[in-house]
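A look at the structure
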Amino acid sequence: MRLGAVLEVALYHDAAEGQAMTGLYEGVLGLPIVARWPGGVAHRLGTALVLIFEREGLAEREGPIADHGTVGPGHLCFTVAAGAYEDWRRRIADVTDVVHEHEWSGDRRSFYFRDPAGNLLEIADGDLWPPAG
C-alpha cells in the first residue's frame, strides 16, 4: 500500500504580507487562485494546492483542521523543465534576490529565494532526489 501524491502544502505569513504574497504566488509564479476564505487562499499547481495562510487568521479558527502553522519560515521547492530554468531564474531575479544557487549530482541545479513572508522557495530544473527503492 502506497500514498499517491502530495495534495496540499501550506505556507504562512503575517497579515501585513497578504497582498504581497498574492502578488508573488499568483502574479510572478503564475499559480491561479482556486479558493479563498478568511485568512487564506489556495493556489493550484498541477494536481496539488499551495495553501497560503495568514497566521493571525488561522489562530482564530477552531477545530482540528486548523491545528497547524509555523512560527518561522517554511520551504517549498518547485520544478521546471531544464530548458526553462534560466528564464525562471531571470524572472525571479527581476522581482527579488536569488539568495543561493546550488549544483546537485546528476547535473541538476536549483536556486533559492524568499517570498514576502520570508519562506525559502526553491526552483529546480527537475527532480533532485533519488528514486524510491
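Our subject is the structure listed above.
Here's a quick rundown of the structure. (Residues numbered from 1 in each chain as written. Predicted model: local features only at pLDDT ≥ 70, side-chain atom pairs only at ≥ 80, totals over all residues. Heavy atoms only, no water.)

**Quick word on helix α1 (residues 18–28)**
- Among all positions in α1, only G18, M21, L24, Y25 and V28 are buried.
- Buried residues in α1 make contact with β1 (8–13), β3 (40–45), β4 (48–54), β5 (75–79), α3 (85–93) and β8 (120–124).
- Looking at the residues trailing α1, positive phi occurs at G30, about 75 degrees. (Buried < 20%, exposed > 50% of the residue type's maximum accessible area, 1.4 Å probe, protein only. Helix = DSSP H or I, 4+ residues; strand = E, 2+ residues; numbered from the N terminus. Contact = heavy atoms within 4.5 Å.)

**Remarks on the sheet that holds β8**
- Pairing is mixed across the open sheet formed by four strands, whose spatial order is β5-β8-β7-β6. The open sheet terminates on both sides in strands that have one partner only, identified here as β5 and β6 (98–104). Taken pair by pair, the neighbouring strands of this sheet meet at an average axis angle of 20 degrees, ignoring direction.
- Inspection of the sheet shows strand β7 (residues 108–114) paired to β8 by five bridges, in the antiparallel sense. Bridging from a neighbouring strand, Y112 pairs with E122 of β8. (Pairing = 2+ DSSP bridges. Axes fitted to C-alpha atoms, helices over the stretch in contact; angles between N-to-C directions.)

**Observations regarding the side chain of D115**
- When you line up the elements, D115 lands in the loop between β7 and β8.
- No salt bridge forms around the buried D115; measuring N to O, its nearest opposite-charge neighbour R114 is 7.3 Å away.
- One polar contact links D115 to Y25, side chain to side chain, over a distance of 2.7 Å.
- Aside from chain neighbours lying at most four places away, what touches D115 is L11, M21, L24, Y25 and L121. (Lys, Arg positive; Asp, Glu negative; His and termini not counted. Salt bridge = Lys/Arg side-chain N within 4 Å of Asp/Glu carboxyl O. Polar contact = N/O pair within 3.5 Å; in protein donor to acceptor, adjacent residues only side chain to side chain.)

**With respect to the side chain of S110**
- Checked against the element boundaries, S110 lands in strand β7.
- At 2.7 Å, the side chain of S110 forms a polar contact with the side chain of E122.
- Setting aside residues up to four positions removed in sequence, S110 forms contacts with Y85, H100, E101, H102, W104, E122, I123, A124 and L128.

**Comments concerning the sheet that holds β4**
- Reading across the sheet, the four strands line up as β1-β4-β3-β2 and stay open at both edges, with mixed pairing between neighbours. Here the strands that pair on one side only, and so sit at the sheet edges, are β1 and β2 (33–37). Averaged over all adjacent pairs, the angle separating strand axes in this sheet is 20 degrees, with direction ignored.
- Note: β3 against β4, six bridges, orientation antiparallel. Of the residues in β4, the one forming a bridge with A42 is L51.

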